[in-house]
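Architecture at a glance
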Amino acid sequence: MSFWFRSAYVAFGLTASVCCLFAIVAVSQDEQSYRGEETTGLASGLANGLIISGATAHRIIHFTFDDGPDPRFTPMLLDKLDAVSVKATFFFSASRFRGQDKRNRYAVEIAREALRRGHTIGSHSVDHKRMFRMDQQSVREQLEENDELFQRVFGRRTWLFRPPHGSRSPIVDKMLAERGYTTVLWNIGMADWLSTSAQEVLHTWKRVLERLERETGQRGGVVLLHDTHAWSVDAFDLIYADIMKRNCRLLEQGEELYDVVNDLGFFFAERGQTQPGIFAPAVFLKPAILAARQAHLREDTRYRCVETDSPQTTSDQAFYATKGVSSESSGRM
Ligand SMILES: [Zn+2]
């Protein structure tokens, strides 16, 4: 039972992504303009977009965490993210801010700390109900209370919204668009809430990533995890280490490296005159931007992989020769 449930959930991301690939050719990359407003924090620069699915042909990865803030695990996750200098997006359930008891006050503190540490904050609705069956009045009430609670905690609203379970309807899409929200889905889900260990989540990550590339041509995207489970928070370390290990291999092969990006701006497109409920086009970075980011990554990766990994390759020796350092002395420290 749970296997099928999990498979269906993982498949959701894949199906949504396939749909998005059809939109790739329809909108040129020039239509993705940069607004010059904040793309982290409460993300005003990402207001009123289309629906972000995470679809991308590039090895761009952005981490998102749902359902917190959880007093048991979110603080630990914030430290783990800091340790590797990764900024993520948190979709908080606003009901955690609702009351005045100790637990609620602590949740507010953690949420503000996430913002202070440079992460992006979005909403995951008030009480995590599936929204696709809600009528207009219920959606309105849900969003009004949500905005009020965010205003109370952060002094301003957020512009990003992730419907619980990705559950949407034309009413939900329309009302989110009217309030200026950008809907953020995901294309790399691991059903981590059904797992029991970080290793299991890592295993699913590898499987999903490889299947995504094989079936859709997408090589990266928006990763969904939950900061409400110990194993999910631990899985972040394993997944990040896996990405770093993959980059060592990709560098040797002369391939595009994984780029863990700090905000959702890489996946954002303007809504323009289009109707709500339309998926943003898959990400295509401008060649100059991609080349600059990859050059920086390659240099970083070269140092890291030489320090921690296998024997140096000929290209590594050539690299150190250009830096005027002997390859013997430049290895492990
Ligand atoms: Zn959720």
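Residues numbered from 1 in each chain as written. Predicted model: local features only at pLDDT ≥ 70, side-chain atom pairs only at ≥ 80, totals over all residues.

**Re the pairing of strand 4 (residues 120–123)**
Cut-off, in case you're wondering: Any residue surrounded by 20 or more other C-beta atoms within 10 Å of its C-beta is treated as buried, while 12 or fewer makes it exposed and the intermediate range makes it partly exposed; C-beta atoms here are placed from the backbone. Each helix is a run of H or I in the DSSP string that is no shorter than four residues. Each strand is a run of E no shorter than two, and both are numbered from the N terminus. Strand pairing requires that DSSP identify at least two bridges connecting the strands. A right-handed crossover is one whose linking path, passing over the helix from the first strand to the second, runs clockwise when the strands point away from the viewer.
Across the two faces of strand 4 the burial is the same, with T120 and G122 and I121 and S123 all buried. Here four bridges tie strand 3 (residues 89–92) to strand 4, and the two strands are oriented parallel to one another. What sits directly across from F91, in strand 4, is G122. Remark: the strand 3/helix 3 (residues 102–116)/strand 4 crossover connection has right-handed handedness.

**Considering helix 6 (residues 198–216)**
Rules: What a helix is expected to span follows from its residue count: subtract one and scale by 1.5 Å. Regarding the arc, it is the one traced by the directions from the helix axis to the C-beta atoms.
For helix 6, which comprises 19 residues, the first-to-last C-alpha distance of 26 Å matches the rise-based estimate of 27 Å (1.5 Å per residue) to within 8%. Every buried residue belonging to helix 6 is among A198, V201, L202, T204, W205, V208, L209, L212 and T216, and all of these are buried. Looking straight down helix 6, one finds that the buried residues subtend no more than 160° of arc, so they occupy a single side. More than 90 degrees from the buried face of helix 6, the exposed residues found are R207, E210, R214 and E215.

**Looking at the packing of helix 4 (residues 136–154) against helix 5 (residues 170–178)**
When two helices pack together, you describe them by how their axes are tilted relative to each other and by the distance separating the axes. Under the convention used in this document: To define axes, lines are fitted to C-alpha atoms, for helices over the stretch in contact only, and angles between the resulting N-to-C directions are given on a 0 to 180 degree scale. Our angle categories are set so that under 35 degrees counts as roughly parallel, over 145 as roughly antiparallel, 65 to 115 as roughly perpendicular, and the remainder as oblique. In this scheme, a crossing is called left-handed if the near helix is turned counterclockwise away from the far one by less than a right angle; it is called right-handed if the turn is clockwise. Once C-beta atoms are placed from the backbone, any two residues with those atoms within 7 Å are in contact.
Contact geometry of helix 4 with helix 5 gives a least axis separation of 10 Å together with a crossing angle of 40°. In terms of orientation, helix 4 and helix 5 fall into the oblique class. Remark: the crossing between helix 4 and helix 5 carries right-handed chirality. Facing Q136, V139, R140 and L143 of helix 4, the residues of helix 5 in contact are I171, V172 and M175.

**Examining the nonpolar core**
Quick reminder of the rule: A set of buried Ala, Val, Leu, Ile, Met, Phe, Trp, Tyr and Cys residues, joined to one another through C-beta atoms within 7 Å, is what we call a nonpolar core.
Within the largest apolar cluster, 77 residues are counted, with the highest numbers of intra-cluster contacts made by I52, I188, V222, V223, A235, F267 and A280. The contact partners of V222, leaving out residues within four places of it in the chain, are I52, G54, H62, T64, V184, W186, N187, I188 and F267.

**Thoughts on the environment of N247**
For N247, the position within the fold is in helix 7 (residues 230–253). In this structure N247 comes out as buried when scored by C-beta crowding, with 24 C-beta atoms within 10 Å. Considering only alpha carbons, one finds N247 and R304, 57 residues apart in sequence, at a separation of 9.9 Å. In this structure, N247 is in contact with L257, Y258 and T301, ignoring residues within four places of it in sequence.

**Things to note about helix 2 (residues 74–83)**
When we look at burial in helix 2, the residues that qualify are T74, L77, L78 and L81. When helix 2 is viewed along its axis, its buried side chains cluster within an angular range of 105° and face the same direction. What points out from helix 2, more than 90 degrees from its buried face, is the exposed set D79 and A83. Backbone geometry just downstream of helix 2 places S85 in the positive-phi region, at approximately 55°.

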